[in-house]
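# Residue-level structure breakdown
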Amino acid sequence: MKIYVTSIFVDDQDKAEAFYTRVLGFQVKHNIPLGEDRWLTVVSSEAPDGTELLLEPSNHPAVGPYRAALVADDMPAHSFQVEDLDAERRRLEKHGVEFVQEPMDAGPVRMAIIDDTCGNLIQLIEMNEAG
């Protein structure tokens, strides 16, 4: 068994598509109209056949309180691995990405947290040599 797709709730699919593709560097895998919304998934350009991230509309009534609680506790909705966290930070800051937690060592990883501009915090992870 393997993970095929996972979801992240977003305020605006167009804005999320722009952020996740133009800023983070993912690529659109599926973009299927479904009424007012879309089945919109992105994948890593490094693993185009890998796990898909569904940019899920956040219109369900439970989503607002759930996401607000996560953000209030500085808890990321997802975690993405990068090869070089410092280089990624410099690249993302050029795109205006806000780091809500500066890069720090945390056992077998270096980590930081960014704001995805769509209602979520995202953790960036760099594996340490020993990890």
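Predicted model, so just to flag it, every value in this text is computed and none were measured. (Residues numbered from 1 in each chain as written. Predicted model: local features only at pLDDT ≥ 70, side-chain atom pairs only at ≥ 80, totals over all residues. Heavy atoms only, no water.)

### Description of the side chain of R38
- In this fold, R38 is placed in strand β3 (residues 37–43).
- Judged by relative accessible area, which is 16%, R38 ranks as buried.
- Contact partners of R38, with chain neighbours within four places excluded, come to Q13, D14, E17, N31, I32 and P33. (Helix = DSSP H or I, 4+ residues; strand = E, 2+ residues; numbered from the N terminus. Buried < 20%, exposed > 50% of the residue type's maximum accessible area, 1.4 Å probe, protein only. Contact = heavy atoms within 4.5 Å.)

### Re the pattern of salt bridges
- Following the criterion strictly, the structure yields 10 salt bridges and no others.
- D11 is the salt-bridge partner of R67, the closest N and O atoms lying 2.2 Å from each other. Taken together, the residues R67 in helix α2 (residues 63–72) and D11 in the loop between β1 (5–10) and α1 (13–23) connect sequence positions 56 residues apart.
- The network of salt bridges with common partners includes D86, D105, R110 and E126. (Salt bridge = Lys/Arg side-chain N within 4 Å of Asp/Glu carboxyl O.)

### Description of the packing of aromatic side chains
- One pass over the structure, following the stated rule, counts three aromatic pairs.
- Measuring from centroid to centroid gives 5.2 Å for F26 and F80, while their planes differ by 70 degrees, and the two rings are edge-to-face. Residue F26 is located in the loop between α1 and β2 (27–34), and its partner F80 is located in strand β5 (residues 78–81); the two are separated by 54 residues in the primary sequence. Both residues of the pair, F26 and F80, count as buried.
- Grouped by ring-pair contacts, the aromatic residues F19, Y20, F26 and F80 constitute a single cluster.
- When the ring centre of F99 is taken as reference, the NZ or CZ atom of R89 above it lies at 5.5 Å. (Phe/Tyr/Trp six-rings, centres within 6.5 Å; stacked < 30°, edge-to-face > 60°. Lys NZ or Arg CZ within 6 Å of the ring centre and 35° of its normal.)

### Describing the side chain of E17
- For E17, the position within the fold is in helix α1.
- A polar contact is formed between the side chain of E17 and the side chain of R38, at a distance of 3.0 Å.
- In contact with E17, other than residues within four places in its own chain, are R22, V28, N31, R38, L40 and L55. (Polar contact = N/O pair within 3.5 Å; in protein donor to acceptor, adjacent residues only side chain to side chain.)

### Quick look at unusual backbone geometry
- Even without glycine at this site, D74 takes up a positive phi of about 55 degrees.
- Of note, D74 is situated in the loop between α2 and β5.

### Concerning α2
- Every buried residue of α2 is accounted for by V63, R67 and L70. The buried side chains of α2 occupy one side of the element, clustering within an arc of 60 degrees when seen end-on. For α2, the exposed residues lying more than 90 degrees away from the buried face are P65 and A72.
- Among the structural elements, β1 are those in contact with the buried residues of α2.
- Phi turns positive one or two residues past the end of α2, at D74, with a value near 55 degrees. (Arc of directions from axis to C-beta.)

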